[in-house]
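Notes for the structure review
Given next are the chains, with one letter for each unit.
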Amino acid sequence: MATYDPFRDLDRIASSLFDTRRGPRRMPMDLYRDGDHYVMTADLPGIDPGSVDIDVDGQLLTVRAERTLASGEGVTWITREREAASFLRQLNLGQGVDTDGIAATYNNGVLTVTIPVSEKAKPRKVQVSTDAPAPVVPIEN
């Protein structure tokens, strides 16, 4: 049986009034490798795709996004829990990725960034060659 807790609503209101975080918020993300690509997915619900900005500076990938909320004239809000906010996430890509091949899509509130592995970092076979015949090792009986 659920019980009503009047302090829960009071706590929510107080935390929204006294929330001192005015800077960018972090976005929840997942990062995994799928074959020759790294894939980052980040939750950005309610974000206008035009506000998403992805920069690569050297080996630093920066994702920024902005959520704005419409406020109609003459509207009387009953409750307003969704906030306008800016989001920021930075990743150090390291040396094993192809920064020129990075691509991104945004669908259903999820940003997907695909980061290809560089040719230098992919596994490869090394050819063994020899200039001299193999040495003969005598077998003793």
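Above this text you will find the structure in question.
The numbering scheme is per chain: residues are counted from 1 as the chain's sequence reads. Reporting in this predicted model follows two pLDDT cut-offs: at least 70 for local features of residues, and 80 or more for side-chain atom pairs to be given and counted; totals over whole chains, interfaces and linings ignore these cut-offs and use all residues. Side-chain measures here rest on the full set of heavy atoms in the structure, leaving out hydrogens and waters.

1. As for unusual backbone geometry
- Its identity is not glycine, yet Asn108 carries a phi of approximately 50 degrees, on the positive side.
- Strands here mean DSSP runs of E at least two residues long; helices mean DSSP runs of H or I at least four residues long; both are numbered from the N terminus. By the element assignment, Asn108 lies in the loop between strand S6 (103-107) and strand S7 (110-116).

2. Here's the deal with the side chain of Arg89
- Inspection of the secondary structure puts Arg89 in strand S5 (residues 85-92).
- Only protein chains enter the calculation, and the probe is 1.4 Å; a residue is then buried if its accessible area is under 20% of its type maximum, exposed if over 50%, and partly exposed in between. Just so you know, the count uses Lys and Arg for positive and Asp and Glu for negative, and it drops His and the chain ends. Between Lys or Arg on one side and Asp or Glu on the other, a salt bridge is scored when a side-chain nitrogen of the former is within 4 Å of a carboxyl oxygen of the latter. Put simply, Arg89 is tucked away with no salt bridge, and the nearest opposite charge, on Asp30, sits 8.7 Å away.
- By the criterion applied in these results, polar contacts are pairs of N or O atoms within 3.5 Å in which, for protein atoms, one can donate a hydrogen and the other can accept it, and in which residues neighboring in sequence qualify only through two side-chain atoms. A distance of 2.7 Å separates the side chain of Arg89 from the backbone oxygen of Met27, its partner in a polar contact.
- Setting aside residues no more than four positions away along its own chain, Arg89 makes contact with Arg26, Met27, Met29, Leu61, Thr62 and Val63. Should any heavy atoms of two residues lie within 4.5 Å, those residues are considered in contact.

3. Digging into the environment of Met27
- Inspection of the secondary structure puts Met27 in the loop between helix H1 (6-17) and strand S1 (29-34).
- The residues contacting Met27, other than those within four sequence positions of it, are Ala42, Asp43, Leu44, Val63, Phe87, Leu88 and Arg89.

4. Notes on the sheet that holds strand S3 (residues 53-57)
- At least two bridges found by DSSP between two strands is the condition for calling them paired. The three strands lie next to each other as S3-S4-S5, forming an open sheet whose pairing is antiparallel. This sheet does not close on itself; its edge strands, each paired only once, are S3 and S5. Ignoring which end each strand starts from, the neighbouring axes of this sheet average 15 degrees apart.
- The sheet contact formed by strand S4 (residues 60-67) and S5 spans eight bridges and is antiparallel. The residue of S5 that forms the bridge with Ala65 is Phe87. Axis lines are fitted through C-alpha atoms, for helices just across the contact stretch, and the angle between N-to-C directions can take any value from 0 to 180 degrees.

5. Concerning the sheet that holds S1
- Spatially, the four strands line up as an open sheet ordered S1-S2-S7-S6, and their pairing is antiparallel. Where the open sheet ends on each side, the last strands, each with one partner, are S1 and S6. Each adjacent strand pair in this sheet contributes to an overall mean axis angle of 15 degrees, direction not counted.
- Where S6 and S7 come together, five bridges link them in antiparallel fashion. Its bridge partner being in S7, Ala104 is matched across the sheet by Val113.

6. A closer look at the pattern of salt bridges
- The final tally for this structure, using the stated rule, is two salt bridges.
- The shortest N-O distance in the salt bridge between Arg64 and Asp53 comes to 4.0 Å. Highlighted residues: Arg64 in strand S4 and Asp53 in strand S3, separated in sequence by eleven residues.
- One salt bridge in this structure joins Arg64 and Asp55, with 3.2 Å as the shortest N-O distance.
- A residue is classified by how much of its surface remains accessible, and Arg64, at 38% relative accessible area, is partly exposed.
- Classification of Asp55 as partly exposed rests on a relative accessible area of 33%.
- A single network of salt bridges, built from pairs that share partners, joins Asp53, Asp55 and Arg64.

7. Observations concerning the packing of aromatic side chains
- Ring pairs are drawn from Phe, Tyr and Trp, using the six-membered ring of Trp, whenever the two centres fall within 6.5 Å, and their geometry is named by plane angle: stacked under 30 degrees, edge-to-face over 60, tilted for the rest. Taken as a whole and assessed by the stated rule, the structure comprises zero aromatic pairs.
- Between the NZ or CZ atom of Arg80 and the centre of the ring of Trp77, over which it lies, the distance is 4.1 Å. We count a charge as sitting over a ring when the NZ of a lysine or the CZ of an arginine lies within 6 Å of the ring centre and within 35 degrees of the ring normal.

8. Digging into the pairing of strand S2 (residues 37-43)
- As paired elements, S1 and S2 share six bridges and run antiparallel to each other. Of the residues in S2, the one forming a bridge with Asp34 is His37.
- Between the end of S1 and the start of S2, which pair antiparallel, lie two residues, with Gly35 showing a positive phi angle near 65 degrees.
- Bridge count between S2 and S7: seven bridges; the pairing is antiparallel.

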